[in-house]
Amino acid sequence: MKYLSVIKTLLLAALSGLFFFTGCSSDQSPDLIITNAHIVTVDESLPEAEAIALRDGIIIAVGDAATIEAMAGRRTEVKDAQGRLITPGFIDAHAHFWGVGSLRLQLDLLGKPSWQSIVDAVAAAVDQAEPGDLIVGRGWHQNDWHEAPARMVGDLPHHEKLSAVSPQNPVILTHASGHMTFANAYAMAQLGITAETPDPAGGEIVRELNGSPAGPFRQRASNLLAPLRNTWEPDMAQVVRMAEREALSLGITTFGDAGTPVHHIREMMRVHEQDPLQVRLHLMVRDRTDVMTEALPELAGAIAGDPYFRVSGIKRAIDGALGTHGAWMLEPYADNPGTAGFNTTPLETIREAGELALEHGLQLAVHAIGDRGNREALDLYEALFEEHGVYGPYLRWRIEHAQNLHPDDVPRFRELGVVAAMQGVHATSDGPWVARRISEARAQRGAYIWRTLLENDVVIINGTDAPVERLNPMHSFHSSVTRLMPTGDIFFGEQVMTREEALRSYTLDSAYGIFRENDLGSLTPGKFADLVIWSGDFMRDDTDTIRDILPLTTIVGGRVVYTAP
Ligand SMILES: [Zn+2]
């Protein structure tokens, strides 16, 4: 007996030593059991369950309440979810981390109901500023306005009113789409922009009849404002914490960033090293080819294997946005037959990014909104795959937005293994004017055709493109399953996703879109314990309630990182 107890003690010591090194405790019971829940796992082997057990940041069991509760040990915390919905943490496959964080530190113009309300916001900021201080804002959109500006050039406001309230301060206001920028007279004067300034390639200075700049700078013309805009540099630690808090409070446990310059990535890495991120961040690099060529070996090496911080792709944009007539279409716009949009980045530059992606094992992600832009991107992918003798589907290259597709190109997504990174909420925000812009027939055939893509076995990954839209995933989820526009009309309802498809697009498929389906995206034993307890049941409740549902608790890697107030 005595020997036996000695052996037992030794064994326990050895075991606790072992577990000390692996960071576990010798008690094998779960850290946390959440029971009495409606768990939707997004795992086909067990789609629904009542309880889930977590230990050391990992899901260890999912099942019925009795089985899971029986696993409880002395140290297990047992939480009653009171019948609430639990899903995997949401993965926004395409949003902008710096943009979301920095929006909180500048004038937030998202959803402002009129040009006057924007002018008023700037006037208030001018009151708080010193003469000469740069005032920056983001999020204005002419389609949100209930009344037309007093003075307009085409469908856009003239700078007159804005300049009148900011005679001694440069003002630069980024459009919600990110594809247009507005400057006041003081900013244009500082930068020496006049009627004589030519339009740069891939962009347009919107002008009065006499040639004077009217205020808006479309697409690449925005770069003319960059020397001034770039002097505004908020503290990166603050930006990171703002974006992180916003994501976790909305149930986003993995943030797929869609394009960040190298110097920002380096700063974010430093913030993460000093105080580790609680949201998982996957970044795409977006920078000059030579800058990426120099930085990628180091960036890729420094973060390989970090479950919270990775660079997984390279971003390029082949065209602009539909809202600004910048999307590159196969046929001219119905409401502006003089243009079919344009190519914003030379195809050769995109090809170079593709070569770099192949060299470093990264994904290439090309922003393509028009049907021509999508076709050209697919052509380029196909040519690169052939040239390098690689099998496309292994690479999971992506097209960001894929908003307008020609029917001939739909099967090519599957054949080339291209993932369609689409944002549900864009369809219903844009819906009210899409048919006017590209005609009813072309909209029906090719605009946000989720059902058609799914029927063709194309992987769709969901998101918001925040800060173009709000980061709230319930907005995109609601749009995905209803296509109900703010006007009350439905935008080609035959293209809706089922709730199961919409959830999958935001979890397991979004994980696939960043090569993380083996450790994220479903509530499967062995995967990281990233999950959300929701205030309402968006898998069962009336669709009218979906947009108001919010997380009560967000858990990442087994840790509670957000609790609703
Ligand atoms: Zn974007």
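Computed from a predicted structure; not experimentally measured.

**Topic: the overall build of the protein**
When its secondary structure is counted, the protein shows 20 helices and 26 strands. On the principal axes, the C-alpha backbone points of the protein span a range of 100 × 55 × 50 Å. Counting the 565 residues in the protein, one finds 50% classified as buried. Long-range pairs, those at least 24 residues apart, make up 71% of the contacts in the protein between residues at least 6 apart in sequence.

**Brief notes about the domain arrangement of the protein**
The domain boundaries assigned to the protein delineate domain 1 (91–96 + 235–517) and domain 2 (106–229). A C-alpha centroid distance of 27 Å is found between domain 1 and domain 2. Of the residues lining the interface, eleven residues belong to domain 1; the matching set on domain 2 comes to 13 residues.

**Things to note about helix α12 (residues 371–388)**
Compared with the 26 Å implied by 1.5 Å per residue over 18 residues, the 26 Å span of α12 between its first and last C-alpha is a close match. On its buried face, α12 sits against α11 (347–360), β20 (363–368), α13 (392–395), β21 (398–401), α14 (410–416) and α16 (440–446). Phi turns positive, to about 60 degrees, at G389, one or two residues after α12.

**Observations concerning helix α18 (residues 473–482)**
The buried count for α18 comes to ten of ten residues, which makes it a mostly enclosed element. Summarising the contacts, the buried residues of α18 are in contact with β8 (90–95), β17 (252–257), α15 (424–438) and α19 (499–506). Backbone geometry just after α18 places R483 at a positive phi near 50 degrees.

Scoring rules and cut-offs
Residues numbered from 1 in each chain as written. Predicted model: local features only at pLDDT ≥ 70, side-chain atom pairs only at ≥ 80, totals over all residues. Helix = DSSP H or I, 4+ residues; strand = E, 2+ residues; numbered from the N terminus. Buried ≥ 20, exposed ≤ 12 C-beta atoms within 10 Å, placed from the backbone. Contact = placed C-beta atoms within 7 Å. Domains from an automatic or database assignment. Expected span 1.5 Å × (residues − 1).

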